[in-house]
Amino acid sequence: MNKYLVIGNPIAHSLSPLLHNYWFKKYRFLDSIYEKKKVEKKDLKKIVEQIKNDEVKGVNVTVPFKREIFNFIDTAPYEVQFTKSVNTLVKENDKVVGYNTDQQGFEISLEENDWDCKDKKILIIGAGGVAPSILSTLIKVDGAEKIYLSNRTRSKAEELKKFWDKALGIYQMKKDTIEIIDWEKKSELCDLIINTTSVGLTKDEKLNFDFSDYNNKKDVLFYDLIYNPKETNFLKDARMRGNRTMNGKMMFLWQAHLAFKMWTGVSPIIDEEVIKLLD
């Protein structure tokens, strides 16, 4: 039996097994199974060794280990070496390679929602594992005008900004494009607000940012990367204010689509049946 995993902590919320096992059955990979596994930081090296030894065929990585796992892989494409954020592990030529399908999944999800980042002002909440990929997308796709970055531990946001300041020239963007703001402090009004944190995975968890200035701002999009639950308090509050809302379901589907193709060579179809499966 070919075994695949999604690892993280917490992990109970993950719908990856539901999706990948559906695709394994649909595309006749009847000798394959996908499971979720709650791990600690000390387990990451062993997971990579299991891939190398063919005990596990492929792994998805979720919070909070997307950056931690980078320290244990053998190699990665240039962009992943740049962001040091990994969500997919594949064995290639006896080496464990770390990829990140989050970036492209996020980009496709914005395109499907008719969202153009050009000349937009954006607030990113959180500077953890997935944030570098989100920032990379926003910087690359025709350039946001301004990106505000806020993290509970300010030093992590500053570290991420410093990292990207060195790279902005590659993407022909101004050096002051990224600005750090203190946690829960207001920035100027933005066009897109993205929650990249895990706040909302547990019922009643809430971000205490004051978004009262966004009342009846119908064109402002509040995007929560969390897809389970479908509507976090972050999105519920935005909906009640009259803002546009979007959860991470389509990003999740597209990043999974890319990982599945890496592992099997098959490009699974994302249709209404698959979308309803996650509901």
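What you see is a predicted model; the values in this text were computed from it and never measured.

**Q** Help me get a handle on the sheet that holds strand β4 (residues 88-92), residues and values and all.
**A** Judged by pairing direction, the sheet is mixed, and its five strands sit side by side in the order β2-β1-β3-β4-β5 without closing on themselves. The outermost strands of the open sheet, each flanked by one partner alone, are β2 (32-38) and β5 (95-99). This sheet shows a mean twist of 25 degrees between the axes of neighbouring strands, independent of strand direction. The pairing of β4 with β5 spans five bridges and is antiparallel. Across the sheet, residue K91 finds its bridge partner in β5, namely V96. Running at roughly 170 degrees to β2, helix α1 (residues 16-26) makes contact with β1 (2-8), β2 and β3 (58-61) of the sheet. The strands touched by helix α2 (residues 44-52) are β1, β2, β3, β4 and β5; relative to β4, the strand with the most contacts, the crossing angle is about 40 degrees.

**Q** Quick rundown of the packing of helix α4 (residues 102-112) against helix α5 (residues 131-140)? Include the residues and the values.
**A** Two elements in contact, α4 and α5, have axes separated by 8 Å at closest approach and are oriented at 50 degrees. Our classification of the angle between α4 and α5 gives oblique. Of the two elements, α4 crosses α5, and the hand of that crossing is right-handed. Contacts between α4 and α5 involve D102, Q103, F106, E107 and L110 from the first element and S133, I134, S136, T137, L138 and K140 from the second. Grouping the constituent residues of the contact of α4 with α5 by class yields four nonpolar, four polar and three charged.

**Q** Lay out the side chain of Q255 in plain terms, naming residues and giving numbers.
**A** Checked against the element boundaries, Q255 lands in helix α8 (residues 249-264). Sequence-distant contacts of Q255, that is, excluding residues within four places in its chain, are made with N60, N87, T101, D102 and G105.

**Q** Please give an account of helix α7 (residues 233-241) that cites residues and values.
**A** Every buried residue belonging to α7 is among F234, L235, A238 and R241, and all of these are buried. For α7, the arc enclosing every buried residue in end-on projection is 120 degrees, short of the 170-degree limit, so these residues lie on one face. Where α7 is buried, its residues meet β6 (121-125), β9 (192-195), β10 (221-224) and β11 (244-246). The positive-phi residue at the C-terminal boundary of α7 is G242, with phi of around 95 degrees.

**Q** Describe the sheet that holds β10, and please don't skip the residues or the numbers.
**A** Here we have six strands laid out as an open sheet, ordered β8-β7-β6-β9-β10-β11, and parallel in their pairing. If you trace the sheet from one side to the other, it starts and ends with β8 (178-180) and β11, each paired once. Each strand of the sheet is rotated relative to its neighbour by a mean of 20 degrees, with strand direction disregarded. Both strand β7 (residues 146-150) and β8 contribute to a ladder of three bridges, which runs parallel.

**Q** Can you lay out empty space enclosed by the protein for me, pointing to particular residues and giving the numbers?
**A** Counted under the stated rule, the structure contains three cavities of 30 Å³ or more. Empty space within the largest cavity amounts to approximately 410 Å³. Around the largest cavity, the lining is made up of 23 residues, and of these T62, K66, D102, L225 and Y227 lie nearest the centre. For the lining of the largest cavity, the elements supplying multiple residues, two or more each, are β3 and α8. The element best represented in the lining of the largest cavity is α8, accounting for three residues. Among the residues making up the lining of the largest cavity, the classes are represented as 10 nonpolar, 11 polar and two charged. Tallied by class, the residues present in the lining of the second largest cavity amount to six nonpolar, one polar and five charged.

Each value, and the rule that gives it
Residues numbered from 1 in each chain as written. Predicted model: local features only at pLDDT ≥ 70, side-chain atom pairs only at ≥ 80, totals over all residues. Heavy atoms only, no water. Pairing = 2+ DSSP bridges. Helix = DSSP H or I, 4+ residues; strand = E, 2+ residues; numbered from the N terminus. Axes fitted to C-alpha atoms, helices over the stretch in contact; angles between N-to-C directions. Contact = heavy atoms within 4.5 Å. Parallel < 35°, antiparallel > 145°, perpendicular 65-115°, else oblique. Left-handed = near helix turned anticlockwise from the far one by under 90°. Nonpolar A, V, L, I, M, F, W, Y, C, P; charged D, E, K, R; others polar. Buried < 20%, exposed > 50% of the residue type's maximum accessible area, 1.4 Å probe, protein only. Arc of directions from axis to C-beta. 1 Å grid on protein atoms, 1.4 Å probe; cavity = no way out; pocket = protein on both sides within 12 Å on 5 of 7 lines; lining within 4 Å. Points joined across faces, edges and corners; volume = space filled by probe spheres on them.

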